[in-house]
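Fold and geometry: a report
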Amino acid sequence: KRLAERRVKSFACWISNENKTVAVWRQKSSCEPEGLCVWDYHVVCLAEDQNGGILALDLDTSLSFPCGLEPYLRGAFREGGTA
């Protein structure tokens, strides 16, 4: 079933910064070995799973889809993630 049909709590998470240079790794759109893309912004869906955890749904990630929030954050973002 679709998220809306299951009444799952979800929302869009818009990610950017003052420089409009957000480094996101593990992106399918990238030609870089680790999948690095530098976006002016990036949007992912965050949704509650059936156990009360949070899932990240990123249509461009090479990580699992959906992906648990913690593994997604560890895989897609790194400290100082601006370019």
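Residues numbered from 1 in each chain as written. Predicted model: local features only at pLDDT ≥ 70, side-chain atom pairs only at ≥ 80, totals over all residues. Heavy atoms only, no water.

Observations concerning the side chain of Asp60
We apply this condition: Helix and strand assignments come from DSSP, with helices taken as H or I runs of at least 4 residues and strands as E runs of at least 2, each series counted from the N terminus. Residue burial is assigned from relative accessible area. The probe radius is 1.4 Å, only protein chains are included, and a residue is buried under 20% of its type maximum, exposed over 50%, and partly exposed in between. Positive residues here are Lys and Arg, negative ones are Asp and Glu, while His and the chain termini are left out of the count. Salt bridges are defined by distance alone: a side-chain nitrogen of Lys or Arg within 4 Å of a carboxyl oxygen of Asp or Glu. The definition of a polar contact used here is a pair of N or O atoms within 3.5 Å, where within protein one atom must be able to donate a hydrogen and the other to accept one, and adjacent residues in sequence count solely through side-chain atom pairs. We call two residues in contact when some of their heavy atoms are within 4.5 Å.
For Asp60, the location among the structural elements is in the loop between strand S5 (54-57) and strand S6 (67-68). For the buried Asp60, which has no salt bridge, the nearest side chain bearing the opposite charge is Lys28, at an N-O separation of 6.3 Å. Separated by 2.9 Å, the side chains of Asp60 and Ser29 make a polar contact. Among all residues touching Asp60, those that are not within four sequence positions of it are Arg26, Gln27, Lys28, Ser29, Trp39 and His42.

Some thoughts on the pairing of strand S4 (residues 42-48)
Across a regular strand the side chains alternate sides, sitting on one face of the sheet and then on the other. Our working definition: Strand pairing is defined by DSSP finding a minimum of two bridges between the two strands.
By the bridge criterion, six bridges tie strand S1 (residues 10-15) to S4 in an arrangement that is antiparallel. Considered in S4, the bridge of Ala12 is made with Cys45. As judged from the four bridges shared by S4 and S5, these two strands associate in the antiparallel manner. Residue pairing in the sheet places Leu46 in a bridge with Ala56 of S5. Connecting S4 to the next strand, S5, in antiparallel fashion are five residues, including Gly52 with a positive phi near 90 degrees.

Digging into helix H1 (residues 69-76)
The condition is simple: Directions from the helix axis toward the C-beta atoms define the arc.
Turning to H1, its buried residues are Tyr72, Gly75 and Ala76. Along H1, the residues classed as buried sweep out an arc of 85 degrees about the axis, all on the same side. Opposite its buried face, H1 presents the exposed residues Glu70 and Arg74, each directed more than 90 degrees away. Taken together, the buried residues of H1 touch strand S2 (22-24), S4, S5 and S6.

Some words on the sheet that holds S4
Strand order in the open sheet formed by four strands is S1-S4-S5-S6, and the pairing between neighbours is antiparallel. On the outer flanks of this sheet lie S1 and S6, each paired with one strand and no other.

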